[in-house]
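# Working through the structure, step by step
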Amino acid sequence: MSTDEIAASVRDLPALPAVVMELIQSIGDANANAELLATKISHDQALAAKTLRLANSSFYGLSRRVTSISEATTILGLRTLRSIATAAGLVSGFSDAACKGFHFDAFWRHAIGTALCARSLAQALRLDEDAAFTLGLMHDIGRLVLVSCYPQRYAAALAYRGEVDCVVSDAERFAFDTDHASVGAMVVERWHFAPSVVAAIARHHAPQAGAEERLVDLLHVADNMAHALDLSHLADDMVPPLSMAAWSRLALTESVCVQVFRATESQHDAVCQALLT
């Protein structure tokens, strides 16, 4: 299958709700209007309900229950609310396509685990925690595109993976001549994400040296950590190869790694319950 065909499929994807697209495109915008975004979230009942469910989960540990999006904005702040609402919108934005061997619930459990690992790593490295959470949540979005657009071909890729015992990216390249990282980069570029986010998704399995690669390194390590924690609950989940260069560049201490693992395991079920039910 040619890259042009897949690119055309990406262009033809149904758009996410307008408010979710606006939330995504406002990430990193210090001048975003919090009141206006809160109002727009409130007008989408399904999105508002899931956003409030996550805001009130044990993940955020609020001392009292919030009952409106505007109240959640005041207590949590715009950046965190935007992260929550974007997560809720993304999880609801792709239908459960019939693809043999692909499990949507397992996919999102891993994505949420990666988001939590990325958030904890960002906290330790003094990077933007909410942006890291959103990036972790959508790092494998290319898989959803391939599954949604080409369910039979993707099922064949998964069958091939079972036969030769390879990582998912190798099976995708066998079936599509590309992989989910490249397709995911096409998607977020279409959604007008910053070039650094596009690069992180494109190279999250193959980070490169360079000062601008810190976000790529963080996502790469977070993804590996989430796989190592087996948060998808799939018997055949395989940890992708870890780039020792990326690991060295992050210079993580043992105590930071333990902290990331503990935080992710303690928060994972609460976030999954809020977003996946």
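Our subject is the structure that appears above.
Residues numbered from 1 in each chain as written. Predicted model: local features only at pLDDT ≥ 70, side-chain atom pairs only at ≥ 80, totals over all residues. Heavy atoms only, no water.

The number of helices and strands found in the protein is 16 helices and zero strands. Compactness check: the protein gives a C-alpha radius of gyration of 18 Å against a globular reference of 19 Å for 277 residues, within 12% of the reference. Expressed as lengths along the three principal axes of its C-alpha atoms, the size of the protein is roughly 50 × 45 × 35 Å. Counting the 277 residues in the protein, one finds 55% classified as buried. Entry remark: accessible area of the protein is about 12,500 Å², with carbon and sulfur atoms responsible for 51%. Charge centroids of the protein, computed over 21 positive and 31 negative side chains, lie 5 Å from each other. (Helix = DSSP H or I, 4+ residues; strand = E, 2+ residues; numbered from the N terminus. Rg over C-alpha atoms; globule rule 2.2 N^0.38 Å. Buried < 20%, exposed > 50% of the residue type's maximum accessible area, 1.4 Å probe, protein only. Areas by Shrake-Rupley, 256 points an atom, 1.4 Å probe, with all protein chains shown as cover. Lys, Arg positive; Asp, Glu negative; His and termini not counted. Charge placed at Lys NZ, Arg CZ, Asp CG, Glu CD.)

Estimates place the volume of the largest pocket at around 610 Å³. Taken together, 32 residues form the lining of the largest pocket, with Arg143, Arg161, Val168, His227 and Asp237 sitting closest to its centre. Of all the elements in the fold, those that place two or more residues in the lining of the largest pocket are helix H7 (104-125), helix H10 (151-164), helix H11 (168-176), helix H12 (180-190) and helix H14 (214-228). For the lining of the largest pocket, the element with the most residues is H11, which contributes four residues. Split into classes, the residues belonging to the lining of the largest pocket amount to 13 nonpolar, nine polar and ten charged. (1 Å grid on protein atoms, 1.4 Å probe; cavity = no way out; pocket = protein on both sides within 12 Å on 5 of 7 lines; lining within 4 Å. Points joined across faces, edges and corners; volume = space filled by probe spheres on them. Nonpolar A, V, L, I, M, F, W, Y, C, P; charged D, E, K, R; others polar.)

With that out of the way, let us pick up the packing of helix H6 (residues 78-92) against helix H8 (residues 129-137). Between two packed helices, what matters for the description is the angle formed by their axes and the separation of those axes. Orientation of H6 relative to H8, taken along the N-to-C sense of each, is 10°, at an axis distance of 9 Å. Between H6 and H8, the interaxial angle falls into the category roughly parallel. Of H8, the residues touching H6 (which contributes Arg79, Thr80, Ser83, Thr86, Ala87 and Leu90) are Asp130, Phe133, Thr134 and Leu137. Looking at side-chain class alone, the contact of H6 with H8 contains four nonpolar, four polar and two charged residues. (Axes fitted to C-alpha atoms, helices over the stretch in contact; angles between N-to-C directions. Parallel < 35°, antiparallel > 145°, perpendicular 65-115°, else oblique. Contact = heavy atoms within 4.5 Å.)

Applying the stated criterion across every chain, the model contains zero disulfides. Distance from the sulfur of cysteine 149, which forms no disulfide, to the nearest cysteine sulfur (cysteine 99) is 12 Å. A relative accessible area of 28% places cysteine 149 in the partly exposed class. Here cysteine 166 is not cross-linked by a disulfide; its sulfur's nearest cysteine counterpart is in cysteine 99, at 15 Å. (Disulfide = S-S within 2.5 Å.)

Another aspect to go through is the packing of helix H4 (residues 45-55) against helix H5 (residues 69-76). Relative to each other, H4 and H5 sit at 35°, their axes nearing to 10 Å. Every pair of crossing elements has a handedness; the one defined by H4 and H5 is left-handed. Where H4 approaches H5, its residues Ala48, Thr51, Leu52 and Ala55 are matched on the opposing element by Ile69, Ala72 and Leu76. Residues of the contact of H4 with H5, tallied by class, amount to six nonpolar, one polar and no charged. (Left-handed = near helix turned anticlockwise from the far one by under 90°.)

With that out of the way, let us pick up the side chain of histidine 139. Looking at the element boundaries, histidine 139 is found in the loop between H8 and helix H9 (141-149). For histidine 139, a relative accessible area of 0% translates into the label buried. Within the local environment of histidine 139, its side chain forms a polar contact with the side chain of histidine 110, the two groups lying 3.4 Å apart. Polar contacts involving the side chain of histidine 139 include one to the side chain of aspartate 140, which spans 3.1 Å. (Polar contact = N/O pair within 3.5 Å; in protein donor to acceptor, adjacent residues only side chain to side chain.)

As a further point, take the pattern of salt bridges. Considering all chains together, one arrives at seven salt bridges under this definition. With a shortest N-O distance of 2.6 Å, aspartate 170 and arginine 173 are connected by a salt bridge. Taken as a pair, aspartate 170 and arginine 173 lie in helix H11 at a separation of three residues, close to a single helical turn. When its relative accessible area of 37% is taken as the criterion, arginine 173 is described as partly exposed. Salt-bridge contacts for arginine 249 lead to aspartate 217; the nearest nitrogen and oxygen are separated by 2.8 Å. Placement of arginine 249 in helix H15 (residues 244-250) and of aspartate 217 in helix H14 is noted, with a sequence separation of 32 residues between them. Residue aspartate 217 is classed as buried on the basis of its relative accessible area of 2%. Overlapping salt bridges bring together Asp170, Arg173 and Asp179 as one network. (Salt bridge = Lys/Arg side-chain N within 4 Å of Asp/Glu carboxyl O.)

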